Amino acid sequence: MGNDPHHSETTLRVNGKPHTLTVDHRRVLLDLLREDLDLTGAKKGCDHGQCGACTVLVDGRRVNSCLLFAVALDGCEVTTVEGLSGDGKEPHPLQRAFLERDAFQCGYCTPGQICSAAGMLAEAAAGHPSHVTAPATPSAGPVPLDREEIRERMSGNLCRCGAYPRIAEAVEDVIP
C-alpha cells in the first residue's frame, strides 16, 4: 500500500502467534480478529462497549475489542477465548467450570464472560480493588473474591439469558 495515509502495517501477537497486517486506521480489533484472523469467539453485541460480548485480553488486561483501533495495539499481546487454554489440548479452567456449571444458555456472551473472568481474576490477584472492595482490605495483597466482588467485577458483561448465578458459581470454582 506504499504511501497510503489511511493504512499502517501493524503487528499483533494473537494467542501466541505473530500476525503482521496492513490495517485501515479505522478498523477495530474485534473486526480484525473476526474477519481477518477468523477468530469468531468474541462477538459483536452492542458495538458501543456496553455489553462485553467482545471482551478479549490485551497484554493481560480485559478490554472491549469493539472500541479499540487495531493500529493502536501494534506490538501488543492479544488473547481471545480460543487462546486461553494455551496449547488447546485441555480447556482453560474457566472454560471447564462454565461447562460443568452450565453457566450459559444461548452461549452468545460466553466467550466474553470467560475472557472477562480471566482478566478480573488476575486483577484481584494483583490487588486491584473494585467499587465494593472493603476499604480495610490491605493494598499489598490479593483482593478476596466473594460473590459480591465477583458480581461487581463482572458487571460489564451482560447476559440476555440471565445465567448470572451460574456464571458467578463457575468463577468461584476456579478461585485459587
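Computed from a predicted structure; not experimentally measured.

A word on the overall build of the protein chain
When helices and strands are tallied, the protein chain shows five helices and five strands. Going from N to C terminus, the protein chain has its helices and strands arranged as β-β-α-β-β-β-α-α-α-α. A compact globule built from 176 residues should have a C-alpha radius of gyration of about 16 Å, and the protein chain, at 17 Å, falls within 12% of that. For the protein chain, the C-alpha atoms occupy an extent of roughly 55 × 35 × 30 Å along the three principal directions. Per-residue burial for the protein chain yields a buried fraction of 44% across its 176 residues.

Observations concerning the packing of helix H2 (residues 93-100) against helix H5 (residues 164-173)
At a closest axis distance of 8 Å, the pairing of H2 and H5 adopts a crossing angle of 135°. Judged on the interaxial angle alone, H5 and H2 are oblique. Judged by the twist between their axes, the crossing of H2 over H5 is right-handed. Each of Leu94, Ala97 and Phe98 in H2 lies in contact with H5, whose residues at this interface are Ile167, Ala170, Val171 and Asp173. Taken together, the residues that form the contact of H2 with H5 break down as six nonpolar, no polar and one charged.

Comments concerning the packing of H2 against helix H3 (residues 110-125)
Running from N to C, H2 and H3 point in directions that differ by 130°, and their axes come no closer than 10 Å. Overall, the two elements H2 and H3 adopt an arrangement that is oblique. Relative to H3, the crossing made by H2 is right-handed. Mapping the contact onto sequence places Leu94, Gln95 and Phe98 in H2 and Thr110, Gln113, Ile114, Ala117, Ala118 and Leu121 in H3. Split into classes, the residues belonging to the contact of H2 with H3 amount to six nonpolar, three polar and no charged.

Brief notes about the side chain of Ser65
With respect to the helices, strands and loops of the structure, Ser65 is situated in the loop between strand S4 (61-64) and strand S5 (77-79). For Ser65, a relative accessible area of 0% translates into the label buried. A polar contact of 2.7 Å, which involves the side chain of Ser65, links it to the backbone oxygen of Cys54. In contact with Ser65, other than residues within four places in its own chain, are Val28, Leu29, Leu30, Cys54 and Val56.

Quick look at the sheet that holds strand S2 (residues 17-24)
Strand order across the open sheet formed by five strands is S2-S1-S5-S3-S4, with mixed pairing between neighbours. Each of the sheet's edge strands pairs with one partner strand only, and the pair in question is S2 and S4. Averaged over all pairs of adjacent strands, the angle between strand axes in this sheet comes to 40°, irrespective of strand direction. Here strand S3 (residues 55-58) runs beside S4; their pairing, made up of four bridges, is antiparallel. Bridge assignment links Thr55 to a residue of S4, and that residue is Asn64. Sheet strands touched by H3: S3, S4 and S5. Its angle to S3, the strand with the most contacts, is close to 40°.

Thresholds applied
Residues numbered from 1 in each chain as written. Predicted model: local features only at pLDDT ≥ 70, side-chain atom pairs only at ≥ 80, totals over all residues. Heavy atoms only, no water. Helix = DSSP H or I, 4+ residues; strand = E, 2+ residues; numbered from the N terminus. Rg over C-alpha atoms; globule rule 2.2 N^0.38 Å. Buried < 20%, exposed > 50% of the residue type's maximum accessible area, 1.4 Å probe, protein only. Axes fitted to C-alpha atoms, helices over the stretch in contact; angles between N-to-C directions. Parallel < 35°, antiparallel > 145°, perpendicular 65-115°, else oblique. Left-handed = near helix turned anticlockwise from the far one by under 90°. Contact = heavy atoms within 4.5 Å. Nonpolar A, V, L, I, M, F, W, Y, C, P; charged D, E, K, R; others polar. Polar contact = N/O pair within 3.5 Å; in protein donor to acceptor, adjacent residues only side chain to side chain. Pairing = 2+ DSSP bridges.

Purely spatial values, then, with no claim about function.
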